[in-house]
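Take a look at the letters that make up each chain.
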Amino acid sequence: MFAYIIRRVLATIPVMAVVALFVFSLLYIAPGDPAAVIAGDQATPADVERIRESLGLDRPYLVRFGEWVWNILNGDMGVSIFTNLPVTTMIKQRIEPTLSLMVLTLILAVSIAVPMGVVAAWKHGTWIDRCVMGFAVLGFSVPVFVVGYVLAYIFALELDWLPVQGYTAFKEGFFPWLENLVLPAIALGGVYIALIARITRATMLEVLQQDYIRTARAKGVGQRSILFLHALKNAAVPIVTVIGIGMALLIGGAVVTESVFAIPGLGRLTVDAILRRDYPVIQGVVLLFSFVYVLVNLLIDVLYTLFDPRIRY
Amino acid sequence: MIARRSLLAAGAALSLPAAAQPARVMKFVPQTDLTTLDPIWTISNVARNHGYMVWDTLYGTDAQYRIRPQMAEGHTEEDDGRRVTVTLRAGLKFHDGEAVRAQDAVASIKRWARRSPTGQVLLTYLDEIGAADDRRIVFRLKRRFPQLIGALGLPSSPVCFIMPERLANTDPFQPVREAVGSGPYRFMHSELRSGSFAAWERYAGYSPTPDNATGLTAGPKLVHFDRIEWHTIPDAATASAALMSGEIDWFEQMPPEVSTQLERQRQLVVDVMDTLVFPCSMRMNHLQPPFDNPAIRRALLGAINQEDFMTAIVGPTPARFATDVGFFTPGTPLANDEALAPLKGPRSFEASKRALREAGYNGEPIRLLGTTDIISTSAMAQVAIDFFRKLDVNLDIALSDWGALVQRRNNRGPVAQGGWSVSCFANSGMDFVNPGTHNSLRSDGNAATPGWPSSPALEALRMQFFDAPELPQQQAIARDIQRVAMQDLPYIPLGGYRSLTAHKRSLVDRVKGFAIFWGIKRT
């Protein structure tokens, strides 16, 4: 197992290299010029050219790519073209809000979606099942930003229970931190809850038809034990897989959620950097997201062995 | 209904000891994030607004657009105007405690001049600039430059802010790393969270000018807040909700649909940000067909309806836009109505189609560049698309975000090679107040801004303006400029719109112009 993990961690290196090459090349050929954005719309071509030279954007592709890779290998992701802050500093400033949002959403989604899916499977064909499935369809269909606006309107503007926007760092206290994240986590969690609940229901329905469940019932095992101890454990592998795949959904959704709730996280950093063509920041953040995604996949593979002892690496 | 959060806030306030009164803090949402601290390196309105908090200027502009002394005590002219000496007020100090010296001003002026349109003209007049002593800045000119003092005091970006010499010696094409000035607020660098938050605190050592002028950037900059916080909220709906819920005090700029919602709130005021409009323009590529032909450019005039373009940006309320706008910002001294007849009166697409045919338009492709991420330019692009479709031209539409557009418009080649034909822009009203600040009027071909118009007559008049000593002469030249510009059309004026701002009703005495943080106070 340990050897497997080491092998997988080492395998991330070529994956990250391909991602790096891909991201850098895409940005190189994509339209946009940070020098022109900095110079402003009254700038003369000579001004734009001088700024481009000062930023080193006039150098050949291979020189810029080689320099970037060398710096990355030395732990230096470069400096933002606009803010002049190191990209690592900007990521450090933004990582806590995004991590907080994703963790809270994950906890919220799993703790709601899994019981929902289990109950829907148990009460298959009843109004409860239909309600859960209806919610799942709604969760998939309504965009995150619409849910965000509706929640903000009801809970912030009308009821004044929670703030409209912003983020309070965890070190300022648990409740202020939580207060700012409740609405964004619910908004972001909607689609995730829908996804997990549907998969849980489908997998549980399949497991509940198995002979060993019938045997357990015949032996007089309680319904709760059958559902959560016998059935759910055997349905866990596909559920964990979906939770892992859903991380990509969360990363994508965080971009929108952070904009709607003005949370200064990595999602907003990415959008701002793309709009300004702040290449070092875009490259750094995309590389980080790719690395996180690779790690999450590794974690999911390791978790399989906990839920299904037959799986061995 | 007593809301839970209000109750908690009230409880927290009551529990404060009497001596620990909260500082007077203003929470402000800027139009966009403060990405860079250097208002000379990048020419953005947020950088300028930040600049006016941190740095002071030698001269300011009052409500009547007259230039008044700020850091300067005054100036003298000798040798038929070829030697100008500006004297600094005594006792000025930077935020780091260092005295403001003439050497700081000299380095700042030199850096600014390389980036400013008027500054670049100044450099052609200048033999030398130096410090006679710690308080006297001496300009030695080849010949008299009547626009000198005005150039040092206009709030058009880039503004001639006075920085410490160690910062001002930075290459103007590289950003300065610190924000240290002698303005009314100190920038709190340690609190900066790029993309999210910036803060300034009142500078106790600020020395206001004794000149009692009032208005835009002139007169004593008396501040009534201990701390200004900028909270970047990219989504207008979220920012307006934050304003309605009382989380912020002032929301700088918003689209019309949001302003309508805010106007219904009794506790808020929605007002025009500036007394000046934002002039808008349709810029054509003068290097490539069909708009390399001035007759084809002029053929468009008969169908241009400025009201259509402005309504698309700010809605139908007439008080929120201006039409019959020429080449200078309405309400400023050089604005005039010379030769504007082709933009007035009944509009006719049929007449314009005929004029296009007579001018020799032969179905050449017209590529329109437009944005999708900026309210004003996106709205104008949509009207322009409709405009060209009604003219039955061979239209090719290329919409993108601003970042891609500013690169694409630098392509001087034909449409077939990725070039462009026409695009719409909006500018700050202060940019179009005179031919010095007005780079879109510049018509010296390849050296001009994208579109690259070439008009020797217009350039000659622009140069005449710089030599004109008094306002009546300048106004006469401005009329001539507009007459020639309406013939050669470096661009077509599309009108001007007023930017809206919203704040709590408890904020009063806001100085109109842009986001200015002196004068304004809480009742």
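As a reminder, the structure under discussion sits directly above these lines.
Residues numbered from 1 in each chain as written. Chains lettered and ligands numbered in written order. Predicted model: local features only at pLDDT ≥ 70, side-chain atom pairs only at ≥ 80, totals over all residues. Heavy atoms only, no water.

Undergrad: I'm lost on the interface of chain B and chain A in this one. Help?
TA: By convention, interface size is frequently given as the accessible area that disappears when the constituent parts associate. With 60 residues of chain B in contact, the opposing surface of chain A contributes 50 residues. Carbon and sulfur atoms supply 50% of the area that chain B and chain A bury against each other, a total of about 4,200 Å² over both sides. Across the salt bridge formed by Arg50 of chain A and Asp171 of chain B, the nearest N and O atoms sit 3.8 Å from each other. Taken together, chain B and chain A are joined by 9 residue pairs in polar contact (both at pLDDT 80 or more). (Contact = heavy atoms within 4.5 Å. Buried area = accessible area lost by both parts, 1.4 Å probe. Salt bridge = Lys/Arg side-chain N within 4 Å of Asp/Glu carboxyl O. Polar contact = N/O pair within 3.5 Å; in protein donor to acceptor, adjacent residues only side chain to side chain.)

Undergrad: What is the right way to read helix H15 (residues 471–488) of chain B from this model?
TA: Residue and element names in this part refer to chain B. Between its first and last C-alpha atoms H15 spans 25 Å; for 18 residues at 1.5 Å apiece the expected length is 26 Å, and the two agree. Considered for burial, the residues of H15 that qualify are Gln474, Ile477, Ala478, Ile481, Gln482, Val484, Ala485 and Met486. Contacts made by the buried residues of H15 are with helix H9 (294–299) and helix H14 (456–467). (Helix = DSSP H or I, 4+ residues; strand = E, 2+ residues; numbered from the N terminus. Expected span 1.5 Å × (residues − 1). Buried < 20%, exposed > 50% of the residue type's maximum accessible area, 1.4 Å probe, protein only.)

Undergrad: Would you explain the packing of helix H6 (residues 127–141) of chain A against helix H8 (residues 174–208) of chain A in this entry?
TA: Geometry of a packed helix pair, given as the angle between the helix axes and the separation of the axes. All names here are of chain A. At a minimum axis separation of 8 Å, H6 and H8 run at an interaxial angle of 140 degrees. Relative to H8, the element H6 is oriented oblique. Crossing geometry of H6 relative to H8 is assigned as left-handed. Each of Asp129, Met133, Phe135, Ala136, Val137, Gly139 and Phe140 in H6 lies in contact with H8, whose residues at this interface are Gly190, Val191, Ile193, Ala194, Leu195, Arg198 and Arg201. (Axes fitted to C-alpha atoms, helices over the stretch in contact; angles between N-to-C directions. Parallel < 35°, antiparallel > 145°, perpendicular 65-115°, else oblique. Left-handed = near helix turned anticlockwise from the far one by under 90°.)

Undergrad: Got a minute to help me understand the sheet that holds strand E1 (residues 25–29) of chain B in this structure?
TA: The pairing of strands in a sheet happens through backbone hydrogen bonds and is either parallel or antiparallel. Residue and element names in this part refer to chain B. Strand order in the open sheet formed by 7 strands is E10-E11-E12-E1-E13-E21-E14, and the pairing between neighbours is mixed. In this open sheet, the two edge strands, each paired with only one partner strand, are strand E10 (185–187) and strand E14 (268–272). Summarising the sheet, strand E11 (residues 197–202) and strand E12 (residues 227–231) pair through 5 bridges and their orientation is antiparallel. The residue of E12 that forms the bridge with Phe197 is His231. The strands that helix H8 (residues 256–263) touches are strand E13 (250–251), E14 and strand E21 (500–504); relative to E14, the one it contacts most, it runs at about 140 degrees. (Pairing = 2+ DSSP bridges.)

Undergrad: Please explain the nonpolar core as it appears in this structure.
TA: The tendency in soluble globular proteins is for nonpolar side chains to be buried side by side. One finds Ile137, Phe139, Met282 and Phe388 of chain B to be the most contacted residues of the largest nonpolar core, which totals 133 residues. At 8 residues, the largest contribution of residues to this core is made by helix H12 (residues 375–390) of chain B. When residues of this core are sorted by domain, at least three fall in each of domain 1 (36–175) and domain 2 (278–497) of chain B. Sequence-distant contacts of Phe139 of chain B, that is, excluding residues within four places in its chain, are made with Arg82, Arg83, Val84, Val86, Ile109, Leu126, Glu128, Ile129, Leu148 and Leu152 of chain B. Counting 97 residues, the second-largest nonpolar core is a separate cluster that includes Ala121, Ala187 and Tyr279 of chain A together with Phe173 of chain B. (Core = buried A, V, L, I, M, F, W, Y, C linked by side-chain atoms within 4.5 Å. Domains from an automatic or database assignment.)

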